[in-house]
Amino acid sequence: MLAMTGVVKSFGTNQVLRGVSLSVAAGEAVVVIGPSGSGKTTLLRCINLLEDYEQGTVTVDGMPIGYRIDPRGGQRVRMSEREIAAAREMIGIVFQSYNLFPHMTVLQNIVAAPIRVKGVPRAKAEARARDLLALVGLSDKAQEYPVRLSGGQQQRVAIARALAMDPKLMLFDEVTSALDPELVGEVLAAMQQLARDGMTMVVVTHEMSFARDVADRIVFMEGGVIVEEGQPEQMFAAPKTERVRQFLKRYNDRYRI
Amino acid sequence: MMKTFAPLLHSYWYLFRGAGMTLLMAAASVVPATLLGGALALVHVFGRRTARSALQVYLFVVRGIPLLVLLTFVYYLLPLTGIDLPPFWGVVVVMSLYYAAFMSEVFRAGIESLPQAQWDAARSLGMQRHLLLRIIIFPQALRLAAPPFVSLCANLVKATSLVSIVGLWELTMASREVVERTLAPFQIFLGAALIYFCICYTMALYGRFLERRSLVGH
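As the structure is a prediction and not an experimental result, all values here were calculated from the model.

1. Some points on the overall build of chain A
No. 1: A tally of helices and strands in chain A yields nine helices and twelve strands.
No. 2: Computed over its C-alpha atoms, the radius of gyration of chain A comes to 19 Å, within 12% of the 18 Å expected for a compact globule of 257 residues.
No. 3: For chain A, the spread of C-alpha atoms along the three principal axes comes to 55 × 55 × 30 Å.
No. 4: A sequence separation of at least 24 residues applies to 63% of the contacts in chain A between residues at least 6 apart.
No. 5: Accessible surface, chain A: about 11,200 Å² in total, of which carbon and sulfur atoms supply 48%.
No. 6: Where the 31 positive side-chain charges of chain A centre and where its 29 negative ones centre are 2 Å apart.

In structure tokens form, the structure reads like this:
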């Protein structure tokens, strides 16, 4: 479903992604872990070209996004804004700081893109929005403004908003890092349900329990490269790399069954 | 008490007419100033480098020269250039151009103070630039810009008093005429001050109402 090859990204002189390649199969839930500054968030943002990258390509469901390879010369060609916007419809992203539109109600937040971008009729879009709100457990909040919701509620609205575009791939960028611990559970539960329902997802998180329980595959990044990837049971119990062992040590010491 | 305030009580209606001219002048200037200010803000945020450099020069000139000097300068310049423009409209043009600069900065601040995250969220939903500007960025930017914008409008109303220096008639000029006739500057200018205050305070109250309303959803 997702294929990233050789992505290189620098911020000025700081090379944040040093040639990252990642594949995600349809229906697979991949969790990316690693220390701060490892490039995890940048990697995610490159997928739907919220960040531009100097080298590499990204394809989703076989379609390139951001750059395509010119068949004649083999070099990258940047796609037009219209093509990029169309490709972005296939990908839903949920951010650490929710990023709801504060001047719109919850319902308007969710239907804005389906109506204006996809041309879905208002009645149909609103019906779907209410279904999604029920899915994330917020049916009674449709007419509220985001400012009146807790962080966990806003985040769940953000998930519903992303799902409203019927994406083939969902990206989650440390979506619980800004939440009070007591609100984290409700968001992770929503994500777990999505994974069970077969959504292809790439999740960047510090929540190791979630990674262990929900991931089909775990990817460990550091210094702009993927250091190790594998099945959760294997990564947590017997990591191949010393660095991963060290990183997971605190979690394993506390929670080893 | 009534006897000492007789001059004001006799001439307040004349002052009201002057205030009417003040409001007319201000209204005629606010509309082009706002439209131009909005356009300039878009140039400043989205325009190409040459356009933005030209804009910087314009802002620099406006911010560096007092409005009074500009008004007087244009007032004496116009007849020399042969442009046949009634003084009222000459003043309106100068004030529009002057305040457009400040308004453009207010609108620009509204746009630029929106977090990048709003752009990210809109783009990631597949919105293209025109759509996201129209439904995400501008509505929020205008809400943010409304209170300082109203404040600028109040400033503009007060600035109309400067045209009395070049002999144009409005509230301040009317007040000076009455003072010359009645030799009672204190009470006449007290009256004028009260009228200006009523106009500007009403605008300030509206600005505060807009400010409170803009907090909905922020």
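There is more to say after this.
2. Concerning the interface of chain B and chain A
No. 1: Listed by partner, the interface residues are 22 residues for chain B and 26 residues for chain A.
No. 2: The junction of chain B with chain A conceals about 2,100 Å² of combined surface from both sides, 64% of it contributed by carbon and sulfur atoms.
No. 3: B:D120 is the salt-bridge partner of A:R45, the closest N and O atoms lying 3.0 Å from each other.
No. 4: Linking chain B with chain A are five residue pairs in polar contact (both at pLDDT 80 or more), by the criterion used here.
No. 5: Every element with two or more residues in the side of chain B that touches chain A is listed here: α5 (116-124) and α6 (129-159) of chain B.
No. 6: Per-element accounting of the side of chain B that touches chain A gives the leading share, eight residues, to α6(B).
No. 7: A class-by-class count of the residues in the side of chain B that touches chain A yields ten nonpolar, seven polar and five charged.

3. Focus on the pairing of strand β10 (residues 200-204) of chain A
Residue and element names in this part refer to chain A.
No. 1: For β10, a buried count of five out of five residues is recorded, marking the element as mostly surrounded by other parts of the structure.
No. 2: Residues of β10 alternate between two faces, with T200, V202 and V204 on one and M201 and V203 on the opposite face, all of them buried.
No. 3: Relative to β10, strand β3 (residues 29-33) is paired through four bridges, and the arrangement is parallel. Of the residues in β10, the one forming a bridge with V32 is V204.
No. 4: In this sheet, β10 lies alongside strand β9 (residues 169-173) in parallel orientation, the contact comprising five bridges. Residue D173 lies in a different strand from β10, and its bridge partner there is V204.
No. 5: Crossover β9 to β10 through helix α6 (residues 181-196) is right-handed.

4. Some remarks on the side chain of A:R88
No. 1: Structurally, the position occupied by A:R88 is in helix α2 (residues 81-88).
No. 2: It is A:E81 that comes nearest to the buried, bridge-free A:R88 among opposite-charge side chains, at 6.2 Å.
No. 3: Among residues more than four places away in sequence, those in contact with A:R88 are A:N48, A:L49, A:L50, A:I65, B:R123, B:S124 and B:G126.

About the criteria used
Residues numbered from 1 in each chain as written. Chains lettered and ligands numbered in written order. Predicted model: local features only at pLDDT ≥ 70, side-chain atom pairs only at ≥ 80, totals over all residues. Heavy atoms only, no water. Helix = DSSP H or I, 4+ residues; strand = E, 2+ residues; numbered from the N terminus. Rg over C-alpha atoms; globule rule 2.2 N^0.38 Å. Contact = heavy atoms within 4.5 Å. Areas by Shrake-Rupley, 256 points an atom, 1.4 Å probe, with all protein chains shown as cover. Lys, Arg positive; Asp, Glu negative; His and termini not counted. Charge placed at Lys NZ, Arg CZ, Asp CG, Glu CD. Buried area = accessible area lost by both parts, 1.4 Å probe. Salt bridge = Lys/Arg side-chain N within 4 Å of Asp/Glu carboxyl O. Polar contact = N/O pair within 3.5 Å; in protein donor to acceptor, adjacent residues only side chain to side chain. Nonpolar A, V, L, I, M, F, W, Y, C, P; charged D, E, K, R; others polar. Buried < 20%, exposed > 50% of the residue type's maximum accessible area, 1.4 Å probe, protein only. Pairing = 2+ DSSP bridges. Right-handed = clockwise from strand over helix to strand, strands pointing away.

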